[in-house]
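An overview of the molecular structure
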Amino acid sequence: MISNEMASRINAQINRELFSAYFYLGLSAQAESSNLNGTAAWFMAKHGEEMTHALKMYRYLLDQDSTVQLEAVSAPPAKTAGIMDMFERTLNHERSVTEAINDLVDHAGQEKDHATHIFLQWFVTEQIEEEATVNDILGRLRLFGDQGQGLLMIDNELAAAAKKISGAASTASTDA
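All of the points below concern the structure found in this document. Everything numeric in this text was worked out from a predicted model, so none of it was measured.

1. Points about the environment of Gly145
On the secondary structure map, Gly145 appears in the loop between α4 (114–144) and α5 (148–175). Residue Gly145 is classed as partly exposed on the basis of its relative accessible area of 21%. Through-space distance from the C-alpha of Gly145 to that of Met84 is 9.0 Å; in sequence the pair is 61 residues apart. Among all residues touching Gly145, those that are not within four sequence positions of it are Arg140, Gly150, Leu151 and Ile154.

Below is the structure:
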């Protein structure tokens, strides 16, 4: 069993993960309304990933005989100024999630909560991947542009990436 403080912090992270899902759902809607269907699919796939993250933490709390306490989820930020802004906001958001995960890991270490420390390592690795992926997308947008053929190419790449993300998610859910 984990401490009440650790459970409270994980509950707060569940809320952050649910906000992340909501954040990506909002970006997906904006992208689709701009006819960026590949980008919309990528953000929708990220929405699904964030829901999975929240559910992993939810399950961990229950497995540790702790109470899950769901809180209200804040509305995502207002409409963006375009695809570059979408991914700049995404990178900033992912960096804040990384900081929160790192704080959880630090707290687990301070409490000598080895089970939670080990559990959180998956999220540490996931955040490295998340930030690297968004940095790569931003680099491609800067290199090829966020209009015309460059935008079409990136939108098509994001559609392909969304299929991979969705395929990996369905494989993981059948393995569970």
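2. Quick notes on the packing of helix α1 (residues 4–33) against helix α3 (residues 83–110)
Viewed as axis vectors pointing N to C, α1 and α3 meet at an angle of 170 degrees, and their least axial separation amounts to 11 Å. Comparing their axes, α3 and α1 come out roughly antiparallel. In terms of residue class, the contact of α1 with α3 is built from 13 nonpolar, six polar and six charged.

3. Here's the deal with the packing of aromatic side chains
Applying the stated criterion to the full structure yields nine aromatic pairs. Clustering of aromatic rings is evident, with ring pairs tying together Phe19, Phe23, Tyr24, Trp42, Phe43 and Phe87. For the cation-ring pair, Lys56 lies above Trp122, with the distance from its terminal atom to the ring centre recorded as 4.0 Å.

4. So, the pattern of salt bridges
If you walk through the whole model with that rule in mind, you get eight salt bridges. Measuring nitrogen to oxygen at the nearest pair gives 2.6 Å for the salt bridge that ties Glu130 to Lys46. Within this pair, whereas Glu130 is found in helix α4, its partner Lys46 is found in helix α2 (residues 37–63), the two being separated by 84 residues in sequence. Between Glu88 and Arg142 there is a salt bridge, and its shortest N-O distance comes to 4.0 Å. Note that Glu88 is positioned in helix α3 and Arg142 in helix α4, a separation of 54 residues in sequence. Here the residues in one salt-bridge network are Lys46, Glu49 and Glu130, joined through shared partners.

Parameters and conventions
- Residues numbered from 1 in each chain as written.
- Predicted model: local features only at pLDDT ≥ 70, side-chain atom pairs only at ≥ 80, totals over all residues.
- Heavy atoms only, no water.
- Helix = DSSP H or I, 4+ residues; strand = E, 2+ residues; numbered from the N terminus.
- Buried < 20%, exposed > 50% of the residue type's maximum accessible area, 1.4 Å probe, protein only.
- Contact = heavy atoms within 4.5 Å.
- Axes fitted to C-alpha atoms, helices over the stretch in contact; angles between N-to-C directions.
- Parallel < 35°, antiparallel > 145°, perpendicular 65-115°, else oblique.
- Nonpolar A, V, L, I, M, F, W, Y, C, P; charged D, E, K, R; others polar.
- Phe/Tyr/Trp six-rings, centres within 6.5 Å; stacked < 30°, edge-to-face > 60°.
- Lys NZ or Arg CZ within 6 Å of the ring centre and 35° of its normal.
- Salt bridge = Lys/Arg side-chain N within 4 Å of Asp/Glu carboxyl O.

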